[in-house]
Amino acid sequence: MAEFLEHYGTEEKCRAALVAARWPQGFRCPDCTHEGHSTFIRQGRQYWQCQRCRHQTTVTAGTVFEATKLPLSRWFLAMHLMTQAKNNVSALELKRHLGLRYKSAWLMKHKLLQVMVEREAHRVLKGRVEIDDAYLGGERPGKPGRGSENKIPFVVAVQTTDDGQPVVARMNRIAFTKDAMQAWAHTALAPSARVISDALHCFRAVAGEVARHTAIVVGSGRQAVTRPEFRRVTRCSPTSRLRFPGPTMRSSLPSMPTAILPRCSIASIVASISNPSSPDSSALPSSPARGPRQ
Ligand SMILES: [Zn+2]
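Next up on the list: the coordination of the zinc ion. The protein atoms that coordinate the zinc ion are Cys 29 (SG), Cys 32 (SG), Cys 50 (SG) and Cys 53 (SG), at distances of 2.2 to 2.4 Å. Coordination at the zinc ion is tetrahedral, judged from the 4 donor atoms that bind it and the angles of 102 to 120° they form at the metal. Read N to C, the donor residues that coordinate the zinc ion are spaced as C-x2-C-x17-C-x2-C. Residue Cys 53 is classed as partly exposed on the basis of its relative accessible area of 34%.

Spelled out as structure tokens, the structure:
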């Protein structure tokens, strides 16, 4: 907390951090990339005006902070709480810590999660990687597991250390076909990765994309879960309680991957927020589906 306050303890410090992340080489006009500019304050907000095309912008324009009425220092404190927590921080906890209404805390949490998940969408797993198939849903009766018609299939991949400790995981919705698996492996796994999976037919498609693929024939049910080779991935489903050294980032968008992250710094999140390809917050649900748990 002392380190956080030193770097982001005031509104001015937060704004300076955002300016530095957005324009690390100094201001560049977002329209014409010209560097010459002037600044002025209007209704309490600082504006940058391009000297060539007269375009006016603020440091928060086009970011998740653009329409916010909350001070940046609250957002930074929320980022601190969300990135330093051992487990997920609930919207209710954010509400208490930040002194916000529940709906504001919920929206803030989901906007920041979206930034963090989109930032992770391009993460490539390397080294030792366990992969497995997982299924979410299934409230309606039907066949269990892989044969089910009413479950959403996911591929779960866990990058581990060489001695099997989990580092980071990603889950993607996927159809379990060879073509889909190959395309997934191409984007999600580094060519140097050493992949371990069970003998599900479509997993063979991974072999052409990575340095090594070991398919282990296991029995069904509990037999597979107890195999030491899959110790991490079989405990890591979309509803997982597997403990990672950091919070779980679940996207609000069903098409987006879920990333389970190592702890990350506020600076890296601010850099993602400042990136023009940062999230489309209009794609977020506008309010909590349910009220806070009492
Ligand atoms: Zn310009």
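The discussion continues.
Although it is not a glycine, Thr 33 adopts a positive phi angle of roughly 60°. By secondary structure assignment, the location of Thr 33 is in the loop between helix H2 (11-22) and strand E1 (37-42). Backbone geometry at Gln 43 places phi at a positive 50°, although glycine is not the residue there. By the secondary structure assignment, Gln 43 is in the loop between E1 and strand E2 (45-50).

With that settled, consider the sheet that holds E2. Taken together, 3 strands build an open sheet; the order of strands is E1-E2-E3 and the sheet is antiparallel. The strands lining the two open edges of the sheet, one partner per strand, are E1 and strand E3 (56-57). Bridging between E1 and E2 involves 6 bridges; their strand directions are antiparallel. Paired with Phe 40 across the two strands is Tyr 47, which belongs to E2.

A separate point is helix H3 (residues 72-84). Across its 13 residues, H3 extends 18 Å between first and last C-alpha, which sits within 8% of the 18 Å expected from 1.5 Å per residue. All buried positions along H3 are accounted for by Leu 72, Trp 75, Phe 76, Ala 78, Met 79, His 80, Leu 81, Met 82 and Thr 83. At its buried positions, H3 is contacted by helix H1 (2-8), H2, helix H4 (91-98), helix H5 (102-120) and helix H8 (266-274).

Turning next to the nonpolar core. Core analysis: the largest hydrophobic core is formed by 35 residues, its most contacted members being Phe 65, Phe 76, Met 79, Leu 94, Leu 112 and Ile 273. Elements that contribute at least two residues to this core include exactly H1, H2, E2, H3, H4, H5 and H8. The element that contributes the greatest number of residues to this core is H3, accounting for 7 residues. Residues contacting Leu 94, with those up to four places away along its chain left out, are Ala 78, Leu 81, Met 82, Val 89, Gly 99, Ala 105 and Lys 109. Formed by 20 residues, the second largest nonpolar core is a distinct cluster that contains Ile 174, Met 181, Val 195 and Leu 200.

Applying the stated rule across the entire model yields 8 aromatic pairs. Ring plane angle 40° and centroid distance 5.8 Å describe the contact between Phe 4 and Tyr 8, whose orientation is recorded as tilted. Remark: Tyr 8 and Phe 4 occur in helix H1; sequence separation between them is 4 residues, near one turn of the helix. By relative accessible area, which is 6% here, Phe 4 ends up buried. Here Trp 23 and Trp 48 contribute two aromatic rings whose centre-to-centre distance is 5.0 Å and whose plane-to-plane angle is 55°, an arrangement assigned as tilted. Linking Trp 23 in the loop between H2 and E1 with Trp 48 in strand E2, this pair joins segments that are 25 residues apart in sequence.

On to the packing of H3 against H8, then. Following both chains from N to C, one finds H3 and H8 inclined at 125°, their axes separated by 10 Å at the closest point. By the angle between their directions, the pair H3 and H8 is classed as oblique. Like other packed secondary-structure pairs, H3 and H8 cross with a definite hand, here right-handed. For the pair formed by H3 and H8, the contact residues are Phe 76, Met 79, His 80 and Thr 83 on the first element and Ile 266, Ile 269, Val 270 and Ile 273 on the second. Taken together, the residues of the contact of H3 with H8 sort by class into 6 nonpolar, 2 polar and no charged.

Moving on: H8. Inspection of H8 places Ile 266, Ile 269, Val 270, Ser 272, Ile 273 and Ser 274 among the buried residues, and these make up the whole buried set. The inward-facing, buried residues of H8 abut H1, H2, H3 and H5.

For Thr 160, the location among the structural elements is in strand E5 (residues 151-160). Among the polar contacts made by the side chain of Thr 160, one reaches the side chain of Arg 128 at a distance of 2.9 Å.

Checked against the element boundaries, Arg 52 lands in the loop between E2 and E3. For Arg 52 and Gly 36, which are 16 residues apart along the polypeptide, the C-alpha to C-alpha distance reads 7.3 Å. Among the polar contacts made by the side chain of Arg 52, one reaches the side chain of His 34 at a distance of 3.5 Å.

What counts and how
- Residues numbered from 1 in each chain as written.
- Predicted model: local features only at pLDDT ≥ 70, side-chain atom pairs only at ≥ 80, totals over all residues.
- Heavy atoms only, no water.
- Donors = N, O, S within 2.8 Å, 3.2 Å for Na, K, Ca; no water.
- Tetrahedral: all angles 85-135°; square planar, octahedral: opposite > 155°, others 65-115°.
- Buried < 20%, exposed > 50% of the residue type's maximum accessible area, 1.4 Å probe, protein only.
- Helix = DSSP H or I, 4+ residues; strand = E, 2+ residues; numbered from the N terminus.
- Pairing = 2+ DSSP bridges.
- Expected span 1.5 Å × (residues − 1).
- Contact = heavy atoms within 4.5 Å.
- Core = buried A, V, L, I, M, F, W, Y, C linked by side-chain atoms within 4.5 Å.
- Phe/Tyr/Trp six-rings, centres within 6.5 Å; stacked < 30°, edge-to-face > 60°.
- Axes fitted to C-alpha atoms, helices over the stretch in contact; angles between N-to-C directions.
- Parallel < 35°, antiparallel > 145°, perpendicular 65-115°, else oblique.
- Left-handed = near helix turned anticlockwise from the far one by under 90°.
- Nonpolar A, V, L, I, M, F, W, Y, C, P; charged D, E, K, R; others polar.
- Polar contact = N/O pair within 3.5 Å; in protein donor to acceptor, adjacent residues only side chain to side chain.

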